[in-house]
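Coordinates in review
Listed here are the chains, written in short residue letters.
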Amino acid sequence: MKLGFIYAGQGSQKVGMGSDFYQEYPVFRETYDRASEAVKEVTDFNVKECCLEGPIEKLSRTRYTQPCMVAYAIGVTKLLKANGIAPEYVCGLSLGEYSALYAAEVLNEQDVLNLVAFRGMVMEEAVVDREVKMSAVLMMEREAILECCEQATKRLADENLMVQIANYNCPGQIVISGDAKAVDLATELLKEKGAKRIVPLNVSGPFHTSLMKPAGDRLKERLADVAFGTPVGTIIFNVTGKPMEAGESFAQLLERQVQSSVYLEDSIRYMEEQGVDTIIEIGPGAAISKFVKKTAPEIKVYSIDNVSDFRQVLEEIGKQ
């Protein structure tokens, strides 16, 4: 067996996430209990309370979602490693990339929580008072979607409005993001080209577009002070769908990531090419597992949303 971990990103959060882990596993409980201390310099809130009690309106705010999701990922990762389950390859969807860096021992628990608290804050502040939108385009080719985004941006250039592809999730699902008017125009153009279904997403910003450059600039300054460790295993990065290459750095890739497209489909295909035959999705929900099945159906995929899922993974992977 060759194992990969993929970590969920923002959008899959839900009130009560991790509640059964918190009740049953001291290691997970300690992670939640200590998380607020790690983020207090940036955003002073109770991470455990927000995860377990919400309300969803608060949990869904970017500055709170990000440390909550990463705290969940850290707790589950610790439990897996304590049971002898560690990946050879890791990646994550957007925010999930930071959880992947923790899993690969590039960032420690304190640093990764503090960093994503900062990331969430600057992403939320990057587009204050700007009307924005993200939508998932289903069952259309990359080239057609890219063309419609470019046309919409060109037509609205005088208004300084734009739309771009934010996420290449899997065959048949690509997310577009940007100013609301530009996303709406791109949606009209896509429907003219035959798009059957375009689904608005419940997110608070135009993530992974050039509108996030102010956040990228602030992250660049913050990342200059971060001590990155030597990775254990292979990390596949969002902005390339491949491992880090010569001349690249963790700081550069993370700065680019916040304002560039996420190539999750390409990342999954890379894992498959390297012989990964089993993937565990870590995070609330199971959206990424569906992406894996659509991209690389031969790969065995598990999702860990609750204790029952975790025990199934222990039982089935522990036997291999």
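Quick caveat: nothing in here was measured; it's all calculated off a predicted structure.

1. Digging into the pattern of salt bridges
In total, this model carries 20 salt bridges according to the counting rule given. Of the charged contacts in the structure, one is a salt bridge between Glu 124 and Arg 61, with a shortest N-O distance of 2.4 Å. Note that Glu 124 is positioned in helix 7 (residues 109–126) and Arg 61 in the loop between helix 4 (56–59) and helix 5 (62–82), a separation of 63 residues in sequence. Using a relative accessible area of 18% as the deciding quantity, one classes Glu 124 as buried. With a closest N to O distance of 3.0 Å, Lys 213 and Asp 217 form a salt bridge. Here the residue Lys 213 and the residue Asp 217 both occupy positions in helix 10 (residues 213–223), the gap between them amounting to four residues, near one helical turn. Asp 217 sits in the partly exposed class, given a relative accessible area of 32%. Residues joined in a network through salt bridges with shared partners are Arg 61, Arg 63, Glu 124, Glu 125 and Arg 218.

2. A short note on the sheet that holds strand 8 (residues 278–282)
If you walk across this open sheet you meet the five strands as 7-2-1-8-9, and the pairing is parallel. The outermost strands of the open sheet, each flanked by one partner alone, are strand 7 (234–235) and strand 9 (300–304). Of the pairings in the sheet, the one linking strand 8 to strand 9 comprises five bridges and is parallel in character. Its bridge partner being in strand 9, Glu 281 is matched across the sheet by Ser 303. Helix-sheet contacts for helix 14 (residues 307–317) involve strand 1 (3–7), strand 8 and strand 9, and the interaxial angle to strand 9 is about 145°.

3. Description of a positive patch on the surface
A cluster of basic side chains, namely Lys 290, Lys 293, Lys 294 and Lys 300, defines a positive patch on the protein surface. Here the element with the most residues in the positive patch is helix 13 (residues 287–295); it accounts for three residues. Mapped onto the elements, Lys 300 comes out in strand 9. A relative accessible area of 43% means that Lys 300 is categorised as partly exposed.

4. Examining unusual backbone geometry
Cis geometry marks the peptide bond from Gly 54 to Pro 55, where omega comes out at 5°. The phi angle at Ser 94 is positive, at roughly 60°, despite the residue not being glycine. Within the fold, Ser 94 resides in the loop between strand 2 (89–92) and helix 6 (96–103). The phi torsion at His 208 lies on the positive side, around 60°, for a residue other than glycine. Position of His 208 relative to the elements: it lies in the loop between strand 6 (197–200) and helix 10. The exposure class assigned to His 208 is buried, which follows from its relative accessible area of 2%.

The rules behind the values
Residues numbered from 1 in each chain as written. Predicted model: local features only at pLDDT ≥ 70, side-chain atom pairs only at ≥ 80, totals over all residues. Heavy atoms only, no water. Salt bridge = Lys/Arg side-chain N within 4 Å of Asp/Glu carboxyl O. Helix = DSSP H or I, 4+ residues; strand = E, 2+ residues; numbered from the N terminus. Buried < 20%, exposed > 50% of the residue type's maximum accessible area, 1.4 Å probe, protein only. Pairing = 2+ DSSP bridges. Contact = heavy atoms within 4.5 Å. Axes fitted to C-alpha atoms, helices over the stretch in contact; angles between N-to-C directions. Patch = residues over 30% accessible without salt bridge, like charges linked within 9 Å, V, L, I, M, F, W, Y side chains within 5 Å. Areas by Shrake-Rupley, 256 points an atom, 1.4 Å probe, with all protein chains shown as cover. Lys, Arg positive; Asp, Glu negative; His and termini not counted. Charge placed at Lys NZ, Arg CZ, Asp CG, Glu CD.

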